[in-house]
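Next come the chains, spelled out residue by residue.
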Amino acid sequence: MSDVMELKQSTGGDAPAAEQEKLSVAVAGMTCASCVGHIEKAIGKLPAVAGVSVNLATERADVTFAGTPDPLAVVQAIEEAGYAVPEIEVELGVEGMTCASCVGHVEKALRAVPGVAAASVNLATERASIRYRSGLVAPADLEAAIRRAGYTPRRLEADAAAPDREAAAREAELTGLRRSLQLAAVLALPVFLLEMGSHLVPAVHDFVMATIGMQTSWLIQFALTTLVLFGPGLRFFRKGIPAILRGTPDMNSLVALGTSAAWGYSLVATFTPGVLPPGTANVYYEAAAVIVALILLGRYLEAKAKGRTSEAIKRLIGLQAKTARVIRDGAVVDVALADVVSGDIVDVRPGERVPVDGEVVDGQSWVDEAMITGEPVPVAKAAGAEVVGGTINTTGAFTFRATKVGADTLLAQIIRMVEQAQGSKLPIQAMVDKVTAWFVPAVMGIAALTFLIWLVFGPDPALTFALINAVAVLIIACPCAMGLATPTSIMVGTGRAAELGVLFRKGEALQTLRDVRVVALDKTGTLTKGRPELTDLEPASEFEYDEVLALVASVETRSEHPIAEAIVAAAKARNLILASPTTFEATPGYGVSARVGEHDVEVGADRFMTKLGHDVSAFAAKAAELGALGRSPLYAAIDGKLAAVIAVADPIKDTTPEAIRALHNLGLKVAMITGDNQATADAVARTLGIDEVVGEVLPGGKVDALHRLRAGGRKVAFVGDGINDAPALAEADVGLAIGTGTDVAIESADVVLMSGDLRGVVNAIALSKATIRNIQENLFWAFGYNAALIPVAAGALYPLNGTLLSPIFAAGAMALSSVFVLSNALRLKAFRPVIASDRSTGGTPA
């Protein structure tokens, strides 16, 4: 557990961290995959930018700089492309101010921070209100500015207790969409009934003609449709028209063109019908009004579904405590989580969450660490034990010294890892980006061509047919579905993985892991428990088990060898009383001799027993059995008589055999790469059914072994936990680190298994396959939908069977396309692990 607490955030990339600095900026106003391409192109032109990745689902732009970062230039590029970087408001306490000049100093210091839009300081409340660009400024930057001005900043709320501002912004967007949808529906319904009702039901037509007349009906439709377009529908024009003028049309542009064409034609037919060819003075107000309502419905459902894709992050944040009980000046006080500092003594009572990471100094209890390790059995904690923030204290009470707080806690780092993985862009997205870069312009071209073909070759009234089919082409196209196909699946897949204790540090691993054909495993600490244990002790007929173990363990208390420690630990586990040897002599390469109480005890290899004149042939069968298992037998002699054969080994984890079988069931080859001697490695491999074995290798040799395993173009995943595994973890196509291993190994890996359970490897691979399959389904639908329905909207079926697609049905189909993609991605939330582990939850295969 101590090692897993050292999990650190990776800088990523191939260049050193000093050469590649990263910036993650929230972007508002994106609606489709075209928006992604436009923003990436705009930011990519900046000279200091080495790389940029924009994610439609998370609504963020991740920018990598080669050289001096220029965040403000990034914001300017985003805004010039027609989008916005939302502003965040935060309050900080400021201590030490005494007069109005202090206020001016603090405000000046805060406004000087790049990215701060406004700062206002109140002397009476001793608070500073700051508004800044999301992603450009961290609270620590603001606090540092206040300190530089000579004052002391104070956070007014814990990060964990602070409202999720991006979630609040999403909720505000959802509320705005809901209101717009309701208004559009109320206004569009009468238009639909007046026009389509007259066409579908003769009685309605007769009623309208007999009461208000056709011209009045058109005037009412004009008024209501105008309210729809320039009320709830104004958002499409505000975004779409400037995008066209910039030469970067998007989904909003298609909607704006389609609805304005239908409305504009109807406007001419209503007020100046004489300019139209005879027989073509028809109105299509209902198409414009209902299209806006249906697309707003799609946007609303899409925003609601997108909110559900990040529930894993919300659950992780929910694991954080809101406050901590800290001992200060001899008294126990409740403080906000952000006010806990390293070195604080924190009091924890039964049933409470441990607020931050630390080391127990007093008391004892049992702590439920299932959120980290997946083990359902609470772990005993006493003085010196380490505790992790977010875990639950069950029975007793204890105090601990805070060692990691804020962003340094393990839970905060896990949250950061999941956020990074959810915002990543997979290689498969590159193909999508290439298509969407020209998709909207291509649709506009197809719509124009459709209009011309129908106008020239269409039946009378040709202008009407040309208009309706061109509008249908503009509306049916759905770059939204194409843009959401990949990122939403990534968000849900990586979130589900985190729930199962699998952290994807690098999003690309989610795709690469699917193609792995060989899983190479380190032995010690990965396949095995990583610490020697007494596995066998068979006493001679005239000796008792506990008697031999107590005497041998007493001798081994004088040795620091791992084998000695394992024997002593086994004796203590049986509550045996150990005595201190009065004499002790070690014979290098042979064994040890000692006097324990009234007994002479010798412990060593067979050659030591032979040297002492003891015949070990009585244990020949047992020794052969141990040898087959890769265990080296030791012998004990007591008072000149051979007393027992003993074996100490690093035992295989209980879950390892099941995990190996599951990997084979997935059609994968399993290899073992270890520094242990070949005989021991072969014995372990035979026991577990491992396909290939490479033993007696140095750390560099593990990398060479990976190269050999790649023969035939096979992709190889490597699983390890130690410092010596770091080169292999970095070299493998996908490196998976055991979370209970060293932080060096974790830093070198692409995936972290939070527990030491190898079953996580199986579930990681299975989830990778399920996620990529889900992405492929989404892409098939998104591309197939457009490929099939754009020709239908253009009227390709009309010569065959007279089928034409109404713009209203086109709008409905377009809205449902995005909803389908999002709903399909959300199926990954129900992914069921291949092997149910203790932390696995239910669900069905995705």
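Residues numbered from 1 in each chain as written. Predicted model: local features only at pLDDT ≥ 70, side-chain atom pairs only at ≥ 80, totals over all residues. Heavy atoms only, no water.

Chemist: Would you mind going over the UniProt feature "transmembrane region" (unreviewed entry) in the protein with me for this structure?
Modeler: Look at the UniProt record and you will see "transmembrane region" (unreviewed entry) annotated at residues 180-201, 207-230, 251-271, 283-301, 435-457, 463-486, 779-798 and 804-822. Measuring from the first to the last C-alpha atom of residues 283-301 gives 30 Å, for a span that is 89% helix and 0% strand. Between the end C-alpha atoms of residues 779-798 there is a gap of 28 Å, over a span that is 85% helix and 0% strand. (UniProt positions renumbered as here; feature names shortened; annotations may be inferred. Helix = DSSP H or I, 4+ residues; strand = E, 2+ residues; numbered from the N terminus.)

Chemist: Sorry if this is basic, but what is going on with helix 24 (residues 678-688) here?
Modeler: Since the α-helix turns once every 3.6 residues, residues separated by three or four places project in the same direction. Listed in full, the buried residues belonging to helix 24 are Thr680, Ala681, Ala683, Val684, Ala685 and Leu688. Among the residues trailing helix 24, glycine 689 stands out with phi positive, at a value near 75 degrees. (Buried < 20%, exposed > 50% of the residue type's maximum accessible area, 1.4 Å probe, protein only.)

Chemist: Looking at this structure, how should I read the side chain of aspartate 347?
Modeler: With respect to the helices and strands, the residue aspartate 347 is situated in strand 10 (residues 345-348). Classification of aspartate 347 by relative accessible area gives buried; the value is 15%. A polar contact is formed between the side chain of aspartate 347 and the side chain of arginine 349, at a distance of 3.5 Å. With near-sequence residues (within four places) excluded, aspartate 347 lies in contact with Arg325, Glu352, Phe398 and Thr399. (Polar contact = N/O pair within 3.5 Å; in protein donor to acceptor, adjacent residues only side chain to side chain. Contact = heavy atoms within 4.5 Å.)

Chemist: Looking at this structure, how should I read the sheet that holds strand 13 (residues 379-381)?
Modeler: Taken together, the three strands give an open sheet; going across it, the order is 13-12-15, and neighbouring strands pair in antiparallel fashion. Either end of the sheet is taken by a strand with one partner, and the two such strands are strand 13 and strand 15 (392-393). Looking at chain direction, strand 12 (residues 365-368) and strand 15 are connected through two bridges and run antiparallel. Counterpart to aspartate 368 in the pairing with strand 15 is isoleucine 392. (Pairing = 2+ DSSP bridges.)

Chemist: What is the right way to read the packing of helix 9 (residues 251-271) against helix 15 (residues 462-476) from this model?
Modeler: Their axes nearest at 8 Å, the elements helix 9 and helix 15 cross at an angle of 155 degrees. In this view, helix 9 runs roughly antiparallel relative to helix 15, as classed from their interaxial angle. Considering the relative orientation of helix 9 and helix 15, their crossing is left-handed. Listed contacts from helix 15 to Leu254, Val255, Leu257, Gly258, Ala261, Ala262 and Tyr265 of helix 9 are Leu463, Thr464, Leu467, Val471, Leu474 and Ile475. Taken together, the residues of the contact of helix 9 with helix 15 break down into 11 nonpolar, two polar and no charged. (Axes fitted to C-alpha atoms, helices over the stretch in contact; angles between N-to-C directions. Parallel < 35°, antiparallel > 145°, perpendicular 65-115°, else oblique. Left-handed = near helix turned anticlockwise from the far one by under 90°. Nonpolar A, V, L, I, M, F, W, Y, C, P; charged D, E, K, R; others polar.)

Chemist: What is the right way to look at the sheet that holds strand 8 (residues 323-328) in this model?
Modeler: Two orientations exist for strands paired in a sheet by backbone hydrogen bonds: parallel and antiparallel. Pairing is antiparallel in the open sheet, where six strands are placed in the order 9-8-10-16-11-14. Looking at strand neighbours, the two that pair on one side only are strand 9 (331-336) and strand 14 (386-387), the edges of this open sheet. As judged from the six bridges shared by strand 8 and strand 9, these two strands associate in the antiparallel manner. Directly across from alanine 324, in strand 9, lies its bridge partner valine 335.

Chemist: Mind showing me how you'd approach the pattern of salt bridges here?
Modeler: Pairs can form between side chains of opposite charge once their charged atoms are near each other. Scanning the model with the defined rule gives 22 salt bridges in all. Salt-bridge contacts for glutamate 692 lead to arginine 714; the nearest nitrogen and oxygen are separated by 3.6 Å. With glutamate 692 in strand 26 (residues 692-694) and arginine 714 in the loop between helix 25 (699-709) and strand 27 (715-720), this residue pair connects regions lying 22 residues apart in the sequence. (Salt bridge = Lys/Arg side-chain N within 4 Å of Asp/Glu carboxyl O.)

Chemist: Hey, could you run me through unusual backbone geometry in this one?
Modeler: One can expect most non-glycine residues to show negative phi and most peptide bonds to be in trans. Here the residue pair aspartate 460 and proline 461 is connected by a cis peptide bond, since its omega of -10 degrees sits within 30 degrees of zero. Looking at the secondary structure, you find proline 461 in the loop between helix 14 (428-457) and helix 15. Phi angles above zero are rare outside glycine, and aspartate 329 is one such case at about 55 degrees. Along the polypeptide, aspartate 329 turns up in the loop between strand 8 and strand 9.

Chemist: So what exactly am I meant to see when it comes to the environment of alanine 42 here?
Modeler: Secondary-structure assignment places alanine 42 in helix 1 (residues 33-44). Placed 34 residues apart in sequence, alanine 42 and glutamine 76 show a C-alpha to C-alpha distance of 9.5 Å. Residue contacts for alanine 42: discarding those within four places in its chain leaves Ala77 and Ala81.

Chemist: Looking at this structure, how should I read the environment of phenylalanine 831?
Modeler: Relative to the helices and strands, phenylalanine 831 resides in the segment after helix 30 (807-826). Owing to a relative accessible area of 4%, phenylalanine 831 belongs among the buried residues under this scheme. Residues phenylalanine 831 and alanine 770, spaced 61 residues apart in sequence, show a C-alpha to C-alpha distance of 8.0 Å.

Chemist: For this particular structure, what's the right way to read helix 23 (residues 656-665)?
Modeler: Residues of helix 23 that are buried include every one of Thr656, Ala659, Ile660, Ala662 and Leu663, and no others. For helix 23, the angular spread of buried residues about the axis comes to 160 degrees, placing them on one side. Facing away from the buried side of helix 23, by more than 90 degrees, are the exposed residues Arg661 and Asn665. Where helix 23 is buried, its residues meet strand 18 (516-522), helix 18 (523-527), strand 25 (669-673), helix 24 and helix 28 (759-794). (Arc of directions from axis to C-beta.)

Chemist: What's the story with the pairing of strand 8 in this structure? I'm lost.
Modeler: Consecutive residues of a regular strand have side chains that alternate between opposite faces of the sheet. Between the antiparallel neighbours strand 8 and strand 9 lie two residues, among them aspartate 329 with a positive phi of about 55 degrees. Both strand 8 and strand 10 contribute to a ladder of three bridges, which runs antiparallel. Directly across from isoleucine 327, in strand 10, lies its bridge partner isoleucine 345.

Chemist: Help me understand the pairing of strand 25, please; the structure alone is not making it clear to me.
Modeler: The element strand 25 is extensively covered by neighbouring structure, given that four of its five residues are classed as buried. Pairing between strand 18 and strand 25: five bridges, direction parallel. Directly across from valine 518, in strand 25, lies its bridge partner lysine 669. Summarising the sheet, strand 25 and strand 26 pair through three bridges and their orientation is parallel. Within the sheet, the bridge partner assigned to methionine 672 lies in strand 26 and is valine 693.

Chemist: Explanation requested: the nonpolar core in the structure shown.
Modeler: Generally speaking, a soluble globular protein has its nonpolar side chains buried in company with each other. Within the largest apolar cluster, 165 residues are counted, with the highest numbers of intra-cluster contacts made by Ile43, Leu110, Ile130 and Leu736. Sort the elements by how many residues they give to this core and helix 28 lands first, with 16 residues. In contact with leucine 736, not counting residues within four places along its chain, are Leu513, Ala717, Phe718, Val719, Gly720, Leu729, Ala749, Val751, Leu753, Val761 and Ala764. In this structure, Ala594, Phe608, Leu634 and Tyr635 belong to the second largest nonpolar core, which totals 39 residues. (Core = buried A, V, L, I, M, F, W, Y, C linked by side-chain atoms within 4.5 Å.)

Chemist: How should I be thinking about a nonpolar patch on the surface in this particular structure?
Modeler: Side chains of Leu449, Ile453, Leu455, Val456 and Phe457 sit close together on the surface and give an oily, nonpolar patch of about 520 Å² of accessible area. Inspection of the secondary structure assignment puts phenylalanine 457 in helix 14. (Patch = residues over 30% accessible without salt bridge, like charges linked within 9 Å, V, L, I, M, F, W, Y side chains within 5 Å. Areas by Shrake-Rupley, 256 points an atom, 1.4 Å probe, with all protein chains shown as cover.)

Chemist: Help me out: how do you make sense of the packing of aromatic side chains in this one?
Modeler: Each aromatic ring pair is specified by the distance between its two centres and by the angle formed by the two planes. Applying the stated criterion across every chain yields a total of 12 aromatic pairs. A ring pair is formed by phenylalanine 230 and tryptophan 263, whose centres lie 5.5 Å apart and whose planes are at 75 degrees; its orientation type is edge-to-face. In this pair, phenylalanine 230 sits in the loop between helix 7 (213-229) and helix 8 (234-245) while tryptophan 263 sits in helix 9, placing the two residues 33 residues apart along the sequence. Taking the relative accessible area as the measure of exposure, tryptophan 263 reaches 17% and is therefore buried. With a centroid separation of 5.9 Å and an interplanar angle of 45 degrees, the aromatic rings of tyrosine 265 and tyrosine 284 are classed as tilted. Here tyrosine 265 is found in helix 9, whereas its partner tyrosine 284 is found in the loop between helix 9 and helix 10 (285-309), with 19 residues between them in sequence. For the pair shown, tyrosine 265 and tyrosine 284 are each scored as buried. Counting every residue linked through ring pairs, the aromatic cluster contains Phe222, Phe230, Phe237, Trp263, Phe271 and Tyr285. (Phe/Tyr/Trp six-rings, centres within 6.5 Å; stacked < 30°, edge-to-face > 60°.)

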